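Analysis of the macromolecular model
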Amino acid sequence: MGLAWLAWTRWHTDGGATTPAIATVARDGQSAPTLPAALTTDKPDRQPLPSLRQPLRMVLPELRRRADAGEAVAACRLAAELEYCAGMRERLAADAYQLRLQQRLDADSATATVSREERERLANARQEQLRHGEQLLRESAHCADVSLPGPGERIRYWRQGALAGHPAALRHYLAGNAFGANETLDNLDALAVYRREAEDLAWKAAANGDIAVQLALATAYVQERPPGPQPWLVQAIKPDEIRALALHLQLRRQMQGMSVPDFLATPIAARQAELESRLAPADIAAARQLAADYWNRWPRPRTLPTLWFQPNGGIGPVRRHDCR
């Protein structure tokens, strides 16, 4: 039986923990996630965060203490750690399911007339599945002996870091990546809070020079949206095509001289052309004035951030190492 299946079984049956000292209580179901009374601005001389190589059980108390004291970078790192381990639990469960499926295929092939080539294919698939499971098991050691809270606590810390202005936490929260696709009903109260504050927070991030959020905002304000699922930020914002054009003009100007992949540059240029074809001359002039204002007031990063974008405004997730 696969090692990853055994790891998942233990995690699933005991809730992911065997160390009561760091067990946590989920805070789901709150209408508005609770924040510390006052958020402190991270100081340049703050203590460094624990090493990413340390097991989570060794650093969780410190991260929680510093996050609850209002340290934005600690809130970001804690949320990212909890999200990583929640994702690891899902990966172990998926691997366990695939292993059981592979075992059923092996059992069926043992009693059926199967060609030599098919038996070799099944054997190779089984070996690959075992290798994958062993790799997952090694990665999951980081999360061993930690009781994972529900999604509400992760969202609470992402939001805390976002409101305190930590760039990575703000980007992750605004992109909606804090809200798991399989946890929507658990997150309805938190999503209502997000809907009320997302637009204002997005403008703050854009004004701080976050190109990823600028792109997400530019896409969200376009009236004609592509079919299919939309990012949470797009769903939270009403279209405003003057703002959309202004942001597209700002992005095009800002990306001059940057190495921008075609899959990103092409839709930005195409949407700008579409907006200019639909808007009245007075509206285009207003958009150009806004774009000039953004250019004069906003910081100008020289490179794109190292994360992926989607043409519909989606932004890739923040990882543990981004919280620094």
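Computed from a predicted model, the values in this text were never measured in an experiment. (Residues numbered from 1 in each chain as written. Predicted model: local features only at pLDDT ≥ 70, side-chain atom pairs only at ≥ 80, totals over all residues. Heavy atoms only, no water.)

1. Here's the deal with the confidence of the model for the chain
When the pLDDT values of the chain are averaged, the result is 83; 83% of them are 70 or greater. The lowest-confidence element of the chain is helix H1 (residues 3–14), averaging 42 in pLDDT; the highest-confidence one is helix H12 (residues 281–297), averaging 98. Taken together, the stretch residues 1–41 has pLDDT below 50 and engages in 89 contacts with residues farther than four places along the chain or on a different chain. (pLDDT = per-residue confidence, 0-100. Helix = DSSP H or I, 4+ residues; strand = E, 2+ residues; numbered from the N terminus. Contact = heavy atoms within 4.5 Å.)

2. Comments concerning the state of the cysteines
A complete count under the given rule lists 2 disulfides for this structure. Disulfide pairing is shown between Cys-76 and Cys-323; the S-S distance is 2.0 Å. Taking the torsion about the S-S bond as the criterion, the Cys-76 to Cys-323 disulfide, at about -60°, is left-handed. Placement of Cys-76 in helix H3 (residues 72–111) and of Cys-323 in the segment after H12 is noted, with a sequence separation of 247 residues between them. A single burial state applies to Cys-76 and to Cys-323, both of which are buried. For Cys-85, the disulfide goes to Cys-143, at an S-S distance of 2.1 Å. Across the S-S bond of Cys-85 and Cys-143 the torsion is about -85°, and the bridge reads as left-handed. Of this pair, Cys-85 sits in helix H3 while Cys-143 sits in the loop between helix H4 (116–140) and helix H5 (151–163), placing them 58 residues apart in sequence. The class for Cys-85 is buried, based on a relative accessible area of 0%. The cystine pairing of the chain, numbering bonded cysteines in sequence order, is 1-4, 2-3. (Disulfide = S-S within 2.5 Å. Buried < 20%, exposed > 50% of the residue type's maximum accessible area, 1.4 Å probe, protein only.)

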